[in-house]
Amino acid sequence: MVNWHTNIELLYVRSGEGFVLYEGEEIAMNEGDTVIINTNCLHSLRSNPDSPLPFFYDCLIIDREFCIQNGADTTACHFVSHFHDVAMGQRMDDLRKSWDTGISSVVAVRAAVLSILAHILTKTTGNVTPPAPDASYKNHHVKRAIRHMEENLSEPLSLSSTADAIGISRCHLAHLFRKSTGMSVVSYIQMLRCRHAIVLLGQSDLSIAEIAQECGFESVSYFDRCFVRLYGQTPRQIRARRT
């Protein structure tokens, strides 16, 4: 799932291999690698199906306000995005242990996160640069397209309607979207609808037909086909597991 946020995100690989699609560039991740997702950058993560080991990783999202309060405005700089750093594993372990320190856990967690923040600032010294004035502009249209899809899931959506809604041509949107997300606009719409359907199947008493309509599928049979393609099971099979 492609997303972005104003906070920085750290990914540390424990085992296996995976890929981060980061601002349209695919970065390979291996054991001991750290990837820093800078503020407002489009990104998504997937495992490498050819890896002999399962893909396990730690993910830490550090709140922007926390960083600013401690003298590091992460929106005013651009960290190097990928480096090998096995020491990060120990720091992530220290953070995990800090949750179990009883009454002093809040202080311990803050100290552990500050240690990680200081470490990446030191690790990337000389490589931390101010963001380009238009650093996120190239993905501005993609972000607007995704917002439009999320806000109109129950409505008819297509490449054409989405392009019209954000004011660019179909060809331009199709090119930008695939480069930034690795998916076509239509495939992404189907994925969003199926993900919303998963929530409704588990948390509502709506019928399958009602869920299909709520999620914008034109028919129950089309809902079934998209759902099976994504999850390998029908909506009814997923719902049956709830009972």
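Provided above is the structure to which this section pertains.
What this report covers is the structure whose coordinates are included nearby. What you see is a predicted model; the values in this text were computed from it and never measured.

## Brief notes about the overall build of the chain
Then step 1. In terms of regular secondary structure, the chain is built from 10 helices and seven strands.
Then step 2. For the C-alpha atoms alone, the extent of the chain along its principal axes is close to 55 × 45 × 35 Å.
Then step 3. Looking at the chain as a whole, 44% of its 243 residues qualify as buried.
Then step 4. Partitioning the intrachain contacts of the chain with sequence separation of at least 6 by distance along the chain shows that 68% fall at a separation of at least 24.
Then step 5. Within the structure as shown, the chain displays about 12800 Å² of accessible surface, and the carbon and sulfur contribution to it stands at 53%.

## Here's the deal with the packing of helix H4 (residues 140–151) against helix H7 (residues 185–203)
The packing of two helices is summarised by the inter-axis angle and the distance between the axes.
Then step 1. The geometry of H4 relative to H7 is characterised by a closest axis approach of 10 Å and an angle of 40° between their N-to-C directions. Taken as axis vectors, H4 and H7 run oblique relative to one another. The handedness of the crossing between H4 and H7 comes out as right-handed. Each of Ile146, Met149 and Glu150 in H4 lies in contact with H7, whose residues at this interface are Val185, Tyr188, Ile189 and Leu192.
Then step 2. Classifying every residue of the contact of H4 with H7 by side-chain character gives six nonpolar, no polar and one charged.

## Overview of the pairing of strand E1 (residues 8–15)
Then step 1. Among the eight residues that make up E1, seven are buried, leaving the element largely enclosed by the rest of the structure.
Then step 2. With seven bridges connecting them, E1 and strand E6 (residues 56–62) associate as antiparallel partners. Note that in E6 the partner of Val13 across the bridge is Tyr57.
Then step 3. The sheet contact formed by E1 and strand E4 (residues 33–37) spans four bridges and is antiparallel. For Tyr12, the partnering residue across the bridge sits in E4 and is Thr34.

## So, helix H5 (residues 159–166)
Then step 1. Among the residues of H5, those classed as buried are Leu159, Thr162, Ala163 and Ile166. Buried residues along H5 cover an arc of 100° about the axis, so they all sit on one side.
Then step 2. Summarising the contacts, the buried residues of H5 are in contact with H4, helix H6 (170–181) and H7.
Then step 3. With a side-chain oxygen positioned 3.4 Å from the backbone nitrogen of Ser160, the residue opening H5 is Ser158.

## Thoughts on the sheet that holds strand E3 (residues 25–30)
Then step 1. The strand order across the open sheet formed by three strands is E3-E2-E5, and the pairing between neighbours is antiparallel. The outermost strands of the open sheet, each flanked by one partner alone, are E3 and strand E5 (43–47). The mean inter-strand angle of the sheet, taken between neighbouring strand axes irrespective of direction, is 20°.
Then step 2. With six bridges joining them, strand E2 (residues 17–22) and E3 adopt antiparallel strand pairing. Each residue of the ladder has a partner; that of Glu17, found in E3, is Asn30.

## A word on the packing of aromatic side chains
Then step 1. Summed over the entire model, instances satisfying the criterion amount to six aromatic pairs.
Then step 2. Seen in terms of ring centroids, Phe223 and Phe227 are 5.6 Å apart; in terms of plane orientation they differ by 80°. Their pairing is edge-to-face. Residue Phe223 and its partner Phe227 are both found in helix H9 (residues 220–231); the two are separated by four residues, about one turn of the helix. Across the pair, Phe227 and Phe223 agree in class, each one buried.
Then step 3. Pairing Phe227 with Tyr231 gives two aromatic rings, centres 4.8 Å apart and planes at 50°, and the pair type is tilted. Pair noted here: Phe227 and Tyr231 are both in helix H9, with a separation of four residues, about one helical turn.
Then step 4. What links up through ring pairs into an aromatic cluster is the set Phe217, Tyr222, Phe223, Phe227 and Tyr231.

Conventions used here
Residues numbered from 1 in each chain as written. Predicted model: local features only at pLDDT ≥ 70, side-chain atom pairs only at ≥ 80, totals over all residues. Heavy atoms only, no water. Helix = DSSP H or I, 4+ residues; strand = E, 2+ residues; numbered from the N terminus. Buried < 20%, exposed > 50% of the residue type's maximum accessible area, 1.4 Å probe, protein only. Contact = heavy atoms within 4.5 Å. Areas by Shrake-Rupley, 256 points an atom, 1.4 Å probe, with all protein chains shown as cover. Axes fitted to C-alpha atoms, helices over the stretch in contact; angles between N-to-C directions. Parallel < 35°, antiparallel > 145°, perpendicular 65-115°, else oblique. Left-handed = near helix turned anticlockwise from the far one by under 90°. Nonpolar A, V, L, I, M, F, W, Y, C, P; charged D, E, K, R; others polar. Pairing = 2+ DSSP bridges. Arc of directions from axis to C-beta. Polar contact = N/O pair within 3.5 Å; in protein donor to acceptor, adjacent residues only side chain to side chain. Phe/Tyr/Trp six-rings, centres within 6.5 Å; stacked < 30°, edge-to-face > 60°.

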